[in-house]
Amino acid sequence: MSSRRLTGYLLPLLILLSGPATATATALTTGTDAQRERFVQTERALQQGNRAAFQQGVRELQDYALLPYLIHADLNARFPRIEPAELDRFLERWGDSLLGQRLRTRWLGHLAGQGRWEDYLRYYQDGLGATYACQYHNALLRTGRRDQALDGVETLWLVGRSQVSECDPVFNAWREAGRLTPQLAWERFRLAMEAGQPGLARYLRRYMPESDRVWADRWLSLYEDPAGLARIQWRADAHPGARDAIAQSFNRLARRDPREALTLWESDRRDWGMAREDAYETLRFIALRLTLRERQDALPYLASLPDAVFDDLLRQWQLRAALAKGDWETVAKAVTRMSGEARQEAAWRYWHARALEQMGDHRGARALYDGVSEERNFYGFLAADRLERPYRIGHRPLDVTPDRMARVSEDPGLARSLEMLALGRLIDARREWIHLQNRLQQRDRGDLEALALIAGQIGWHDRAIFAAARAQHFDDIDLRFPLAHAPLIMERATAQGINPAWAMAVARQESAFMQDARSHAGAMGLMQIMPDTGRAMAPHVGATVSNPMQLLDPDLNVSIGTYYLRRNLDNFGGHPMLSTAAYNAGAGRVRSWLPRDEEIPADVWAELIPFSETRDYVKRVLAYKILYEVRMGMSPTTLSSILPPVTPAARLSQSQVQHQARWSGANGGRPAVNAYCDAPGYTDTPCL
């Protein structure tokens, strides 16, 4: 029996939704509808102080999934004038739930404030955070369990930031008992310095012996002025903390001016008194910052370094510097000198193949392309193009046993999440879901797979995508690349004259189809539109944005997002890669990354994007575009056919036209499309 169907397990709970599951979940039976209506009425009775009506509602809803929300609201309203027996009953039944944790921590805070330390010990649980952990140790102190209280305080002490004030009594007792050694004082000082907390570090000096304070002051001085390394008269082997002070100062100087850092480093022929591995680590960071700043100009220096200085990250940037110069021999060498694990990554096998191809070793290149073309990603599709092979999709639907599906679907946490979803309370629904997901992840990865399937089948696509990723299952293409909002996105994309699969790919990468998504930077909605961008673009789609919250409306958001993609495409000569990069990083930055004179192959340009976020974004969106063409019943556009060489801005349109002409001519005047294979449910064609 396939677990792709939930018949017999979830159908009694809710109706499967045909569209997004945000605020439109509805019950299958009248009974559930009646319970929801009664739940809302009972909530309102509590808010209005109608206790009789509230208690009657609670009695009627004893079997309803959201009953704990009513009882929790009542306990909160009467807090702290609640009976311990009421609290105990709630925690006994729902103690491991999200509401149980909230009530427990609030109660613990109350007990600490009242000095009821024995009760605090009874209700305390591990994993509640530093505030409650410190109060736990304080409770042990106050109840005469001094030795037990002082054990384990080192874990709370050894953090690189200021601890909560609740830790102060515990730290005081711990120090008075002689548990704070000079080594522990210095170790926390080091953590504070590494965390960029010099204020805390200065405070910690008071707990050091005078001999260590001298070195603390020296480190603090270098923190303020890393170039002061040129004036110091001591070396890394002079004190246990001297090495850290010198290493951090070189790192800070290298971030500011890697050439100055390198010149200063080379002024001491004995590696500043560092052990060899420590010296290599510092030199490695200087070399990395130099390569990030100077690209190909750093290649001669990198070539002079011993292999022991390199790690995989530095090798990768040596490879990128070599790409910028067109030094294919160094590209190949950089890959062969990476670790065995890194050499197996698709990116570096692809670039090794490209290098061999450029150097005339076509047989070696084909062998490498052959392996890379098996992968479902940007490099795999480009490798398939090189070999003129179909794209391997590798679709493997999740298949979870019926017993596991039944167990997960009957979890009370899932029921609470789905009921909140049906009530349109998306934030509460998501909180319950995340709490459940975290709990299942600790139990069994297979349970997460079941949860992902459930989310996909009710149309809660962002939860399905995230749960599948948590379960480390990446091959269910239907689940991971849903056709959420497809009619809307197709309509708006077609109106703008852009490929709908490209717009779907952007929305998938931007928000995972979470229509109320908001980024830390302030971007909003399905296609993550910044408010300023929304206001500027809205008139072009016949709209006005007076309130940023309007951007959470899918219709407006997608209208602006697809127009913005079209505008970028026009501004960058019809180049999809540059347009995708501009959607993420802004058109101004992308213009600054264009070459001044020469022509750069598009795959090379993508690898040289300075921002790792944008570099990864571009590769994902272009790969997702192919997957969405498959999902939408389209023949995938050959990826290489839409990646003309990147030129100075004035020649981009010409480059695009010439590139398309070459592909059209090679394809008999037809659009450049590719076949695909190994996609059960889409094609019966296996990959050879």
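This is a predicted model, so every value here is computed, not measured.

Quick look at the state of the cysteines
This structure, assessed with the given rule, holds two disulfides. Residue Cys134 pairs covalently with Cys167 via a disulfide, S to S 1.8 Å. Every disulfide takes its handedness from the sign of the S-S torsion; for Cys134 and Cys167 that torsion is 75°, giving right-handed. One end of the pair, Cys134, is in helix H7 (residues 130-142); the other, Cys167, is in the loop between helix H9 (153-157) and helix H10 (168-176), and 33 residues separate them in sequence. For the pair Cys134 and Cys167, one class covers both residues: buried. In the chain, the bonded cysteines, taken in the order they occur along the sequence, pair up as 1-2, 3-4.

Side note on the confidence of the model for the chain
For the chain, mean pLDDT is 93; residues scoring 70 or higher make up 95% of the total. pLDDT under 50 marks residues 1-31. Its contacts with residues more than four places away, or in other chains, come to 69 contacts.

Considering helix H4 (residues 84-94)
Every buried residue of H4 is accounted for by Leu87, Phe90, Leu91 and Trp94. Along the axis of H4, the buried residues cluster in a sector spanning 95°; they form a single face. Set apart from the buried face of H4 by more than 90 degrees, the exposed residues are Arg89 and Glu92. Looking at the buried residues of H4, the elements they touch are helix H3 (67-78), helix H5 (98-114), helix H6 (117-123) and helix H25 (412-422).

Observations regarding the pattern of salt bridges
Within the structure shown, the criterion is met by 48 salt bridges. With its nearest N and O atoms 2.3 Å apart, the salt bridge here joins Arg349 to Glu375. Here Arg349, found in helix H21 (residues 346-358), pairs with Glu375, found in the loop between helix H22 (362-372) and helix H23 (378-387); they are 26 residues apart in sequence, far enough to count as distant. Take Arg349: its relative accessible area is 14%, and that puts it in the buried class. Linked by salt bridges that have partners in common, Arg404, Arg407, Arg443, Asp444 and Asp447 make up one network.

Each value, and the rule that gives it
- Residues numbered from 1 in each chain as written.
- Predicted model: local features only at pLDDT ≥ 70, side-chain atom pairs only at ≥ 80, totals over all residues.
- Heavy atoms only, no water.
- Disulfide = S-S within 2.5 Å.
- Helix = DSSP H or I, 4+ residues; strand = E, 2+ residues; numbered from the N terminus.
- Buried < 20%, exposed > 50% of the residue type's maximum accessible area, 1.4 Å probe, protein only.
- pLDDT = per-residue confidence, 0-100.
- Contact = heavy atoms within 4.5 Å.
- Arc of directions from axis to C-beta.
- Salt bridge = Lys/Arg side-chain N within 4 Å of Asp/Glu carboxyl O.

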